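Reading the structure
Given next are the chains, with one letter for each unit.
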2 protein chains.
Amino acid sequence: MDNLHETQDNRSLTSRVFKYVRLGIIEGRYKSGDYLIETRLANELGVSRTPVREALRQLELEDLVECIPNRGVVVKGISSEDIDDIYTIRLQLEGLAAYWASQRIKQTQLNRLEEIIELMELYTRRNDSTNLARLDTEFHEIIFTAANSRSLKHILVWLHQNIQYARQSSLMSPSRTPKSFEEHKLIFTALEAGEADLAKTYMEKHITAAHSHPEE
Amino acid sequence: MDNLHETQDNRSLTSRVFKYVRLGIIEGRYKSGDYLIETRLANELGVSRTPVREALRQLELEDLVECIPNRGVVVKGISSEDIDDIYTIRLQLEGLAAYWASQRIKQTQLNRLEEIIELMELYTRRNDSTNLARLDTEFHEIIFTAANSRSLKHILVWLHQNIQYARQSSLMSPSRTPKSFEEHKLIFTALEAGEADLAKTYMEKHITAAHSHPEE
DNA sequence: TACATTAAAGTTGTATACATGTTCTTCTTG
DNA sequence: CAAGAAGAACATGTATACAACTTTAATGTA
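Predicted model, so just to flag it, every value in this text is computed and none were measured.

This next bit is on the protein's contact with DNA strand C. Near DNA strand C you find 20 residues, and of these A:Ser48, A:Thr50, A:Arg71, B:Arg53 and B:Arg57 are the closest. Here a base nitrogen of DNA strand C and a side-chain polar atom of A:Thr50 are 2.7 Å apart. Secondary structure elements with two or more residues in the surface near DNA strand C: helix H1 (13-26) and helix H3 (49-61) of chain A together with helix H3 (49-61) of chain B. Class assignment of the residues belonging to the surface near DNA strand C gives a composition of six nonpolar, seven polar and seven charged.

Our focus in this paragraph is the packing of helix H5 (residues 107-126) of chain B against helix H6 (residues 129-147) of chain B. Residue and element names in this part refer to chain B. The contact between H5 and H6 brings their axes to 10 Å, and the two run at 160 degrees. The angle between H5 and H6 falls in the class roughly antiparallel. Along this stretch, H5 crosses H6, giving a crossing that reads as left-handed. Judged by residue contacts, Gln109, Arg112, Leu113, Ile116, Ile117, Leu119, Met120, Tyr123 and Thr124 of H5 engage Asn131, Leu132, Arg134, Leu135, Asp136, Glu138, Phe139, Ile142, Thr145 and Ala146 from H6. Considering only residue class, the contact of H5 with H6 consists of 11 nonpolar, four polar and four charged.

Another aspect to go through is helix H4 (residues 80-104) of chain A. When the terminal C-alpha atoms of H4(A) are compared, their 34 Å separation across 25 residues agrees well with the 36 Å that a helix rising 1.5 Å per residue should span. Taking the largest bend as the criterion, H4(A) deviates by roughly 30 degrees, centred on A:Arg90.

Residues and elements named next belong to chain A. Spatial ordering of the open sheet is given by S1-S3-S2, a layout of three strands whose pairing is antiparallel. The open sheet has two free edges, formed respectively by strand S1 (35-36) and strand S2 (65-68), since each of these has just one partner strand. Bridging between S1 and strand S3 (residues 72-75) involves two bridges; their strand directions are antiparallel. Residue pairing for S3: Tyr35 is matched across the bridge by Val74.

With that settled, the discussion passes to a negative patch on the surface. All names here are of chain A. Together, Glu114, Glu118, Glu121, Glu182 and Glu192 make up a region of like negative charge exposed at the surface. Elements that contribute at least two residues to the negative patch include exactly helix H5 (107-126) and helix H8 (177-193). With three residues, the top contributor of residues to the negative patch is H5. Its location among the elements puts Glu192 in helix H8.

This part takes up the relation of the copies chain B and chain A. Two copies of the chain are present, and they differ by a rotation about an axis and a shift along that axis. Between the two copies, chain B and chain A, the superposition gives an RMSD of 0.1 Å; the rotation angle is 180 degrees and the shift along the axis is 0.0 Å. One copy is carried onto the other by what is essentially a two-fold rotation axis. When the interface residues of chain B are mapped onto chain A, 100% of them again lie at the interface, so the same face is used by both copies.

All right, on to the side chain of B:Ser102 then. Residues and elements named next belong to chain B. Within the fold, Ser102 resides in helix H4 (residues 80-104). In terms of polar contacts, Ser102 uses its side chain to reach the backbone carbonyl oxygen of Tyr99, at 2.8 Å. Aside from chain neighbours lying at most four places away, what touches Ser102 is Leu191, Gly194, Glu195, Ala196 and Ala199.

About the criteria used
- Residues numbered from 1 in each chain as written.
- Chains lettered and ligands numbered in written order.
- Predicted model: local features only at pLDDT ≥ 70, side-chain atom pairs only at ≥ 80, totals over all residues.
- Heavy atoms only, no water.
- Near = heavy atom within 4 Å.
- Polar contact = N/O pair within 3.5 Å; in protein donor to acceptor, adjacent residues only side chain to side chain.
- Helix = DSSP H or I, 4+ residues; strand = E, 2+ residues; numbered from the N terminus.
- Nonpolar A, V, L, I, M, F, W, Y, C, P; charged D, E, K, R; others polar.
- Axes fitted to C-alpha atoms, helices over the stretch in contact; angles between N-to-C directions.
- Parallel < 35°, antiparallel > 145°, perpendicular 65-115°, else oblique.
- Left-handed = near helix turned anticlockwise from the far one by under 90°.
- Contact = heavy atoms within 4.5 Å.
- Expected span 1.5 Å × (residues − 1).
- Bend = angle between axes of the 7 residues up to and from the residue.
- Pairing = 2+ DSSP bridges.
- Patch = residues over 30% accessible without salt bridge, like charges linked within 9 Å, V, L, I, M, F, W, Y side chains within 5 Å.
- Areas by Shrake-Rupley, 256 points an atom, 1.4 Å probe, with all protein chains shown as cover.
- Salt bridge = Lys/Arg side-chain N within 4 Å of Asp/Glu carboxyl O.
- Lys, Arg positive; Asp, Glu negative; His and termini not counted.
- Charge placed at Lys NZ, Arg CZ, Asp CG, Glu CD.
- Least-squares fit on C-alpha atoms with pLDDT ≥ 70 in both.

Below, the structure written as structure tokens:
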């Protein structure tokens, strides 16, 4: 019963279980209100209860499930209202990240951003949404990292993960990709020039646009 | 060897261990770079390794420790730069929380806020920092809750917990308390009147002032 | 002495066993 | 038949046992 067709990232069973259940919640396989039974999950994945418990305790801190003492863990999930809120929160925080990044970003990070921009242009022409989504994630992650704030990065990574859910549903819609590409380019230019306020403004516009058209 | 002089909140050993280690990191007993040995902690607390492991895995997600596979978990701690960043992030997010709260707050929550304001006045006159700190936490938490956004509340609770560390150090300094009291009152008035922009502005001023003078 | 090899101690990763608490079924009783 | 009690089935909470991996100490050799 190996539902776990993972690659090589077998760091530990705990993290495998964590990702598996997380994906299950994000994809809606486990719905809000469902009880997650430890032994059932353990059998499903062919592992013991120990790593399952550790993973569930982590998911509790991610706020994706609620652990009720001596009762079990119940799925909380992410509603569309949550997604809306997350975009508003991102609006505040990614603006801040871009602002800080423009002051603290290193040359190597700028180089990688430039590479990403070039690749994005290519994949936009080819309508390759899968690769575009991957590059988009990396683009934003470089900016989180360049902002050089542990707390901010921690929050933004969490928000991005939660939002994957919304992305998943509308991935292949290519209507907005050319516009999105231009937005990324503007952000990059501002970062390169060290224009903090401009970087912030462009990032905010990008998030807002992405919220209205979540396809990329 | 029962270093755990807890009250009644013995929901589970895992959460007891979690709070114990968390406090240890916040108080500086476990310093950045220290390795946390599972068996050592287990003996220290008179429990088995199972709840210790679960607690450590949770602390990893809180970003207070780093789990290195097959090596152990190392303390990350919170630097003063982190604290500065957190205040800036709170500036963005508590403003948003106050904004949303002013539109969504319920009468019972407003009543409780009014009670808190009255109590704060009392304790400010008495210079009772301990109770003031408690009320301050509740004041902000009511606003998080009233904002009615799961994600926002989750982030702000996390930020507040991280910042307790900075508060701990300078608790008894009463110089700012009268001013802080006035700020809380202004926020409350704006919330009561449903003035979203005003609530946001007052909250931002309050956070900024608290950052310069973290005693309350 | 310096260095590689190997044994040993220590630590983490995982599974299992048992204790405790909860839920559901069934049987009794009014 | 309804309501409640007893017990079985089930799930979680915790401890322990064992396997795998890492680091350290020890041993042997050039």
